[in-house]
Amino acid sequence: MWRPVLALTLAAGAFLGATGRAPAAEDRQARQAEAAAVSGYLNLHQCAYYASSLDDHFNTFVTPSGDGRYSTGTKHSASPDTTAACGAGNGNHVPVPVLHGVKALDLTAGRYLDLQQCDYYRSASTDRFTTLVTPSGDGRYSTGTKVSNTKETTPTCGPGNGNHVPNPGLSGSLPLDLTAGRYLNLHQCVYYSERLKSHMTSVVPAPDKRYTTGTKISDTQETSPTCGSGNGDYVLVPLLSAVKNIPLS
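Since the structure is predicted, the reported quantities are computational estimates derived from the model, not experimental observations. (Residues numbered from 1 in each chain as written. Predicted model: local features only at pLDDT ≥ 70, side-chain atom pairs only at ≥ 80, totals over all residues. Heavy atoms only, no water.)

Draft legend 1. Representation of the environment of Asn-161. Counting through the fold element by element, Asn-161 comes out in the loop between β8 (146–148) and β9 (165–166). Given the relative accessible area of 29%, Asn-161 is considered partly exposed. Sequence-wise, Asn-161 and Tyr-120 are 41 residues apart; in three dimensions their C-alpha atoms are separated by 9.5 Å. Once residues within four sequence positions are removed from consideration, Asn-161 is found in contact with Arg-140 and Tyr-141. Within the structure, the side chain of Asn-161 is placed 2.9 Å from the backbone nitrogen of Asn-163, a separation counted as a polar contact. (Helix = DSSP H or I, 4+ residues; strand = E, 2+ residues; numbered from the N terminus. Buried < 20%, exposed > 50% of the residue type's maximum accessible area, 1.4 Å probe, protein only. Contact = heavy atoms within 4.5 Å. Polar contact = N/O pair within 3.5 Å; in protein donor to acceptor, adjacent residues only side chain to side chain.)

Given below as structure tokens:
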């Protein structure tokens, strides 16, 4: 009599064990399916503008919500871009091709999109600018933005040119899990100091949280940029700020 009972108990235990493992297996399969759905390239375009009379640089990575004269070509596509597509500026701030750049990120190369923001600052003129990709014409302002299987939490930034030097307080690295959703919501926050006649751009949260952004991967297409309030001197410029929803497949 004991043998059938034991067999029944073991069978029940095996059934319960299999049932207990099912949710984890389903989650793993779902993550694998999401990862498999990621395809193509994230073509991240960086456009630099400069007003010589003010010694004022600033960058755009997505087209501003209110001023298409500073447009960029950032998009998802099946092929890699090799040349940055940038707007003409407003006549005062004009393009600086040497600081433009485009990074074609193969989304199948790893689990994480490591977005790295490098801020450079020139104290003599209180001028600053930001890079997310290495400029095509000046590697001294390089970044470590990449797709990999490693979550990078510290940015890799070039040394600058001796005048514009790295500013760690506004530089940051944001590792984004490519399996976390269908869209990259790339938030661009542009600030301006009337006193200093100087712009600055933030896309990746940095140690100074007053300039934080909402850049993330999710299943939601966000329509309004999430930006920090600035420091009271540098204040948000909604006209030049924006969010772009980029599909990952």
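Text resumes after the structure shown.
Draft legend 2. Molecular detail of the nonpolar core. Judged by nonpolar contacts, the single largest core of 23 residues is most densely connected at Leu-113, Leu-178, Leu-184 and Leu-186. Once residues within four sequence positions are removed from consideration, Leu-178 is found in contact with Val-38, Leu-107, Gly-110, Arg-111, Tyr-112, Leu-113, Val-147, Ile-217 and Leu-248. Membership of the second largest hydrophobic core comes to 8 residues, among which are Cys-47, Phe-58, Val-190 and Leu-240. (Core = buried A, V, L, I, M, F, W, Y, C linked by side-chain atoms within 4.5 Å.)

Draft legend 3. Expanded view of the pattern of salt bridges. This structure, assessed with the given rule, holds 12 salt bridges. Arg-69 is the salt-bridge partner of Asp-67, the closest N and O atoms lying 2.8 Å from each other. In this structure Asp-67 comes out as buried when scored by relative accessible area, which is 9%. (Salt bridge = Lys/Arg side-chain N within 4 Å of Asp/Glu carboxyl O.)

Draft legend 4. Highlighting the confidence of the model for the protein. When the pLDDT values of the protein are averaged, the result is 90; 86% of them are 70 or greater. Predicted confidence is poor over residues 1–19, with pLDDT under 50, and the contacts of this stretch with residues over four places away or in other chains come to 0 contacts. (pLDDT = per-residue confidence, 0-100.)

Draft legend 5. Just the state of the cysteines, in detail. By the definition in use, this model includes 3 disulfides. One disulfide in the model links Cys-47 with Cys-86; its S-S distance is 2.1 Å. Every disulfide takes its handedness from the sign of the S-S torsion; for Cys-47 and Cys-86 that torsion is -85°, giving left-handed. Taken together, the positions of Cys-47 in strand β1 (residues 41–51) and Cys-86 in the loop between β3 (75–77) and β4 (94–95) put the pair 39 residues apart, joining distant regions of the chain. Given a relative accessible area of 0%, Cys-47 falls into the buried group. Judged by relative accessible area, which is 25%, Cys-86 ranks as partly exposed. One disulfide bridge connects Cys-189 with Cys-227, the sulfur atoms lying 2.0 Å from each other. Of note, the bridge from Cys-189 to Cys-227 carries an S-S torsion of about -85° and is left-handed in sense. Separated by 38 residues along the polypeptide, Cys-189 in strand β11 (residues 183–193) and Cys-227 in the loop between β13 (216–218) and β14 (234–236) bring together distant segments of the chain. We classify Cys-227 as partly exposed; its relative accessible area is 22%. Across the protein, the disulfide pattern expressed with sequentially numbered bonded cysteines is 1-2, 3-4, 5-6. (Disulfide = S-S within 2.5 Å.)

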